[in-house]
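# Topology and contacts: notes
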Amino acid sequence: MRQSILVTPCLIGALALSACMKPDGKETVERAFQDVNVVDEHNLNDVMLTVADPNEAVSYFQRSLKSSPDRIDFQRGLATSMIRAKRNTEAASAWKKVAAHPEATVEDKVSLADALIRTGDWKGAKAALDSVPPTHETYRRYRLEAMVADANKEWKRADSFYEIATGLTTQPAKVMNNWGYSKLSRGSYAQAERLFSDAIRQDPSLFTAKNNMVLARGAQRNYTLPVIPLDQTERAQLLHTLALSAVKQGDVKTGENLLREAIATHPQHFEAAARSLAALENG
């Protein structure tokens, strides 16, 4: 009896398996495998856009587009990978293609503007941003709007956009640094220094803001380092920047002293400062 009871489920299973082997069942299995492949492909795309070598990612998406030239996810992946690989001219062309795709999003237009800025095409970037509806209020969009306004010397617009962008992110250090550099380029040195200070407070590791802050102080003939977090190498580098700023202002002796201090401070041989000092001492 036990054997007959065991055989019955086996027969049922065999019948079910034979049903799966019918044409309709084969199609179901193939569709299932296709779904699995799509999932795997999506994961691979993510890997290529994050941790993979940028140039390898470019090659991967180029190969993918050969078999599926109209897929916008592959087009986006290629454009993004080119930005990561610093192939900005190619990236701008790739993003133009993405933005013209029927399935393109508003954010794709923002990405196009970003790519065009990287190539110095400010007019094209402005046109791309002008095509973005005003309801698309994102940090990235307003940061780029501010940069374009800066390039066009539209200072009030730039300040307005920088302020909006600062309020739309929890990590405003980089946009504060950009805003400060904008003020620095206009000759508003005290305002620039305050913005650089705010940027450093938000992100103490942001060396560009530290260097820019020293430039703002030097432009005001303040040749002391600010009280900010610095390691020994950073301190030496900022002393070098301050020295060059002093020389530019005509305070050559102060510049020489700062260069000597930079050389003494650096934990290794500071070639750039040594060359600058030698040039000054040789007249």
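Residues numbered from 1 in each chain as written. Predicted model: local features only at pLDDT ≥ 70, side-chain atom pairs only at ≥ 80, totals over all residues. Heavy atoms only, no water.

## Side note on the packing of helix 11 (residues 189-202) against helix 12 (residues 207-219)
Our working rule: Axis definition: a line fit to C-alpha positions, over the contact stretch in the case of helices; interaxial angles, taken between N-to-C directions, run 0 to 180 degrees. For the purposes of this entry, the term helix denotes a DSSP run of H or I that reaches at least four residues, the term strand denotes a run of E that reaches at least two, and both are numbered from the N terminus. Oblique is the label for any angle not covered by the other classes, which are roughly parallel (under 35 degrees), roughly antiparallel (over 145) and roughly perpendicular (65 to 115). In this scheme the handedness of a crossing depends on how the near helix is turned from the far one: anticlockwise by less than a right angle means left-handed, clockwise means right-handed. Two residues form a contact once any of their heavy atoms are found within 4.5 Å. Polar here means any residue other than Ala, Val, Leu, Ile, Met, Phe, Trp, Tyr, Cys and Pro, which are nonpolar, and Asp, Glu, Lys and Arg, which are charged; Gly is therefore polar.
For the pair helix 11 and helix 12, interaxial distance at closest approach is 9 Å and the crossing angle is 155°. As judged from the angle between their axes, helix 11 and helix 12 are roughly antiparallel. As for the relative orientation of helix 11 and helix 12, their crossing is left-handed in sense. Touching Tyr 189, Ala 192, Glu 193, Phe 196, Ser 197, Ala 199 and Ile 200 of helix 11 are Ala 209, Lys 210, Asn 212, Met 213, Ala 216, Arg 217 and Ala 219, all from helix 12. When the residues that make up the contact of helix 11 with helix 12 are grouped by side-chain class, the tally is nine nonpolar, two polar and three charged.

## Points about the pattern of salt bridges
Definition in use: Salt bridge, as applied in this entry: a Lys or Arg side-chain nitrogen positioned within 4 Å of an Asp or Glu carboxyl oxygen. Burial classification: accessible surface area is computed with a 1.4 Å probe over protein chains only, and a residue below 20% of its type maximum counts as buried, one above 50% as exposed, and the rest as partly exposed.
Following the criterion strictly, the structure yields 20 salt bridges and no others. Between Asp 159 and Arg 186 there is a salt bridge, with its nearest N and O atoms 2.8 Å apart. Here Arg 186 lies in helix 10 (residues 173-186) and Asp 159 lies in helix 9 (residues 155-167), a separation of 27 residues in the sequence. According to the relative accessible area criterion, Arg 186 is partly exposed, its value standing at 23%.

## What about a nonpolar patch on the surface?
To keep it simple, the criterion reads: Within the patch definition used here, like charges are joined within 9 Å and nonpolar side chains (Val, Leu, Ile, Met, Phe, Trp, Tyr) within 5 Å, considering only residues with over 30% relative accessible area and no salt bridge. Surface accessibility follows the Shrake-Rupley procedure with a 1.4 Å probe radius. Residue values consider only the protein chains on display as shielding.
Taken together, Leu 44, Val 47 and Val 51 make up a surface patch of nonpolar side chains, about 260 Å² in accessible area. Turning to its location among the elements, Leu 44 is positioned in helix 2 (residues 23-50). The exposure class of Leu 44 is partly exposed, given its relative accessible area of 36%.

## Structural notes on the packing of helix 8 (residues 139-151) against helix 10
Where helix 8 contacts helix 10, the two axes come as close as 11 Å, and the packing angle between them is 10°. Between helix 8 and helix 10, the angle falls in the class roughly parallel. Taking contact as the criterion, the partners of Tyr 139, Arg 143, Met 147 and Asp 150 in helix 8 are, on helix 10, Val 175, Asn 178, Ser 182 and Arg 186. Each residue belonging to the contact of helix 8 with helix 10 can be placed in one class, and the counts come to three nonpolar, two polar and three charged.

## What to know about helix 14 (residues 252-265)
The condition that has to hold: For a helix, the expected span equals 1.5 Å multiplied by the residue count minus one.
A rise of 1.5 Å per residue sets the reference length of helix 14, with its 14 residues, at 20 Å; its end C-alpha atoms lie 20 Å apart and thus fit the reference within 8%. Looking only at helix 14, the buried set comprises Gly 255, Glu 256, Leu 258, Leu 259, Ala 262 and Thr 265. Contacts made by the buried residues of helix 14 are with helix 13 (232-248) and helix 15 (271-281).

## So, the packing of aromatic side chains
Our working definition: In this scheme Phe, Tyr and Trp rings, the latter by its six-membered ring, pair at centre separations within 6.5 Å, and the angle between planes marks the pair as stacked below 30 degrees, edge-to-face above 60, and tilted otherwise. By definition, being over a ring means that NZ of Lys or CZ of Arg is both within 6 Å of the ring centre and within 35 degrees of the ring normal.
Scanning the entire structure with this criterion turns up four aromatic pairs. Ring geometry for Phe 61 and Phe 74: centres 6.5 Å apart, planes at 55°, overall tilted. Pair noted here: Phe 61 is in helix 3 (residues 54-67) and Phe 74 is in helix 4 (residues 72-84), with a separation of 13 residues, a long-range link. The exposure class of Phe 61 is buried, given its relative accessible area of 0%. Above the face of the Phe 74 ring, Arg 71 is positioned so that its terminal group lies 4.0 Å from the ring centre. Over the face of the ring belonging to Tyr 142 we find Arg 141, whose NZ or CZ atom lies 5.3 Å from the ring centre.

## Quick look at the environment of Ser 59
In this fold, Ser 59 is placed in helix 3. On the basis of relative accessibility, which here comes to 31%, the residue Ser 59 falls in the partly exposed class. For the pair Ser 59 and Met 82, spaced 23 residues apart in sequence, the C-alpha separation works out to 9.8 Å.

## Quick word on helix 12
Along its 13 residues, helix 12 runs 18 Å from first to last C-alpha, staying within 8% of the 18 Å computed at 1.5 Å per residue. Where helix 12 is concerned, the buried positions are Ala 209, Lys 210, Asn 211, Asn 212, Met 213, Val 214, Ala 216, Arg 217 and Gly 218. One or two steps after helix 12, the chain reaches Arg 221, where phi turns positive at roughly 60°.

## A closer look at the environment of His 266
Put simply, the rule reads: Any pair of N or O atoms that falls within 3.5 Å is considered a polar contact. Within protein, one atom must be able to donate a hydrogen and the other to accept it, and sequence-neighbouring residues count only if both atoms are side-chain atoms.
Position of His 266 among the secondary structure elements: in the loop between helix 14 and helix 15. With near-sequence residues (within four places) excluded, His 266 lies in contact with Gln 232, Thr 233 and Ala 236. Here the side chain of His 266 touches Gln 268 through a polar contact of 3.0 Å, landing on its backbone nitrogen.

Geometry only, nothing functional implied.
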